[in-house]
Amino acid sequence: MAAISLRKGNTRLPPEVNRVLYVRNLPFNITSEEMYDIFGKYGAIRQIRVGTNKDTRGTAFVVYEDIYDAKTAVDHLSGFNVANRYLIVLYYQQGKMGKKFDQRKKEEEIQKLQEKYGIGTPSAAKDK
């Protein structure tokens, strides 16, 4: 519908628009089939990955075949109510996601080094 009219015009998309969507605030018990039912209405889907472990539950990645289908899905599904939860649908941005995980890794590495060498704890400073 709206995607067809976008393709006909020489519409320039914002730089953050891409085929990969990051979906948050999903019900923990949602299945891939239900995700296909919800997101498949807006175009052909290449892949859906639903988070299953403790850190990724309630999130998913949806990859569309066409960028205009992804844009239509974001426009229509942001704020969509699924099992009394309002979806947050964003364009996946590699840089932002990588920074979040890199920061967590760095903090864990610093903590391990501090424990190993006894640095950064008040009791270690008193011992010296």
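That block above? That's the structure.
Read on for an overview of the structure. Fair warning: this is a prediction, and the values are worked out from it, not measured in the lab.

### Here we look at the packing of aromatic side chains
All told, the structure shown has two aromatic pairs when counted by the stated rule. Centroid distance Tyr22 to Phe61: 5.2 Å. Interplanar angle 40°. Geometry classified as tilted. Taken together, the positions of Tyr22 in strand E1 (residues 20–24) and Phe61 in strand E3 (residues 60–64) put the pair 39 residues apart, joining distant regions of the chain. For Phe61, a relative accessible area of 29% translates into the label partly exposed. Arranged with centres 5.3 Å apart and planes meeting at 85°, the rings of Phe61 and Tyr92 form a pair that is edge-to-face. One end of the pair, Phe61, is in strand E3; the other, Tyr92, is in the loop between strand E6 (88–91) and helix H4 (94–117), and 31 residues separate them in sequence. Within the aromatic cluster, the residues linked to one another by ring pairs are Tyr22, Phe61 and Tyr92. One Lys or Arg, Arg57, reaches over the ring of Phe28 and ends 4.2 Å from the middle of that ring. Over the face of the ring belonging to Phe28 we find Arg85, whose NZ or CZ atom lies 5.7 Å from the ring centre.

Definitions and cut-offs
Residues numbered from 1 in each chain as written. Predicted model: local features only at pLDDT ≥ 70, side-chain atom pairs only at ≥ 80, totals over all residues. Heavy atoms only, no water. Phe/Tyr/Trp six-rings, centres within 6.5 Å; stacked < 30°, edge-to-face > 60°. Helix = DSSP H or I, 4+ residues; strand = E, 2+ residues; numbered from the N terminus. Buried < 20%, exposed > 50% of the residue type's maximum accessible area, 1.4 Å probe, protein only. Lys NZ or Arg CZ within 6 Å of the ring centre and 35° of its normal.

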